[in-house]
Amino acid sequence: MQIDSNERLEEQPMMHGNGGHGRVHPAASSSDFSGEMNQSVSAPSSDPSSSPLYSFHFEKPVPPPPPPPKAAQPGEYVVQVPKDKVFRVPPPENARLFEHYTRRAKRRRRCSCARVCACLLAALLTLAVLLAAAAGVAYLVLRPKRPAYAVQALAVSGLAGVGNASSTPATAAFSPGFAATVRADNPNGRIGVHYDGEKSLVSVSYDGVLLAGGAWPAFYQGPRNVTVFVAKAKGSGIRFSESVRGQMAAAERLRSVPFDVDVEVPVRLRIGRVRTWAVPARARCAVVVDRLAADGKVVSASCHVKVRFLSWRK
């Protein structure tokens, strides 16, 4: 069978597995290149399929039309809301995820708080250890000692005739005054002492009865220094019972009248250019005089000192 080159072979449309949407038809001319494959035959050939011009064209399936909107029944209203305005109920999985992340966040906060507390406690412990080490080194290097005090003289006024019941009535009020000459000794070689006189207190009592009160003078005492000063105390409106007046009269006849002198004064230690905080220094002195007069002499005196700063040696 021979095929003329001027003739064209036409084939019927081919059915494919895509539902018959693919179709083969001859091309209109050789200049059409829109999705077509043209082949021209210049000479007779024994293969019929090689000479005709084939054209393939695939069409997309047409989607079915949307169903018509449901007609509103009598008494019903159809409201159309834009899609971006529709509020949807989240699925229950979101609530479980929210609880899970909330618990995890709380655990993280607890862990972070515990971590901060642990770091703060560690810093405080480290600081305490460093301070203790520094205090220990300072104690070993400085070897601090307690200052010593001694009452050298005690002038008494305002108590003349307290033991003479005939000259002074039993209801008489006295205004005793005391002037104590004190010797302060600082035995430390590298530590000075600042005495704060504004907050100090000096009191004199007899057999538990407070007679007078005063203040400790403010001054600075350098290392290995001895300072002698006078501390004064004054009282007024003091009334004695008959028994106390009898005891004082008997003690004066024996030339041994005991008094208790109590001192409380804040002190600041100075080491080089460094001054410490104020610590209370307390002293209690037992002083015995021969008579109740300004020119009385001290028969005996002893003082006990307490200073709350590290550990003081005698």
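Residues numbered from 1 in each chain as written. Predicted model: local features only at pLDDT ≥ 70, side-chain atom pairs only at ≥ 80, totals over all residues. Heavy atoms only, no water.

- In the annotation of an unreviewed UniProt entry, the entry for the chain reads Late embryogenesis abundant protein LEA-2 subgroup domain-containing protein, and the organism field reads Urochloa decumbens.
- What UniProt states about the chain under its Subcellular location (unreviewed entry) heading is, verbatim, "Membrane". (UniProt positions renumbered as here; feature names shortened; annotations may be inferred.)

1. Here we look at the state of the cysteines
Then, number 1: Evaluation of the coordinates by the stated rule reveals 1 disulfide.
Then, number 2: One disulfide bridge connects Cys285 with Cys303, the sulfur atoms lying 2.0 Å from each other. The chirality of the disulfide connecting Cys285 with Cys303 is right-handed, given an S-S dihedral of about 115°. One end of the pair, Cys285, is in strand 12 (residues 279-289); the other, Cys303, is in strand 13 (residues 298-307), and 18 residues separate them in sequence.
Then, number 3: Assessed through its relative accessible area of 6%, Cys285 is described here as buried.
Then, number 4: Take Cys303: its relative accessible area is 27%, and that puts it in the partly exposed class.
Then, number 5: Cysteine Cys119 remains unbridged, with the sulfur of Cys117 as its closest cysteine sulfur at 9.3 Å. (Disulfide = S-S within 2.5 Å. Helix = DSSP H or I, 4+ residues; strand = E, 2+ residues; numbered from the N terminus. Buried < 20%, exposed > 50% of the residue type's maximum accessible area, 1.4 Å probe, protein only.)

2. Describing the nonpolar core
Then, number 1: Phe178, Trp216, Phe240 and Phe259 are the most contacted members of the largest nonpolar core, which totals 46 residues.
Then, number 2: Per-element tally for this core: the top contributor is strand 10 (residues 257-271), with 7 residues. (Core = buried A, V, L, I, M, F, W, Y, C linked by side-chain atoms within 4.5 Å.)

3. Thoughts on the UniProt feature "transmembrane region" (unreviewed entry) in the chain
Then, number 1: UniProt marks residues 113-142 with the feature "transmembrane region" (unreviewed entry), using the numbering shown here.
Then, number 2: The span residues 113-142 is 100% helix and 0% strand, and its two end C-alpha atoms sit 43 Å from each other.

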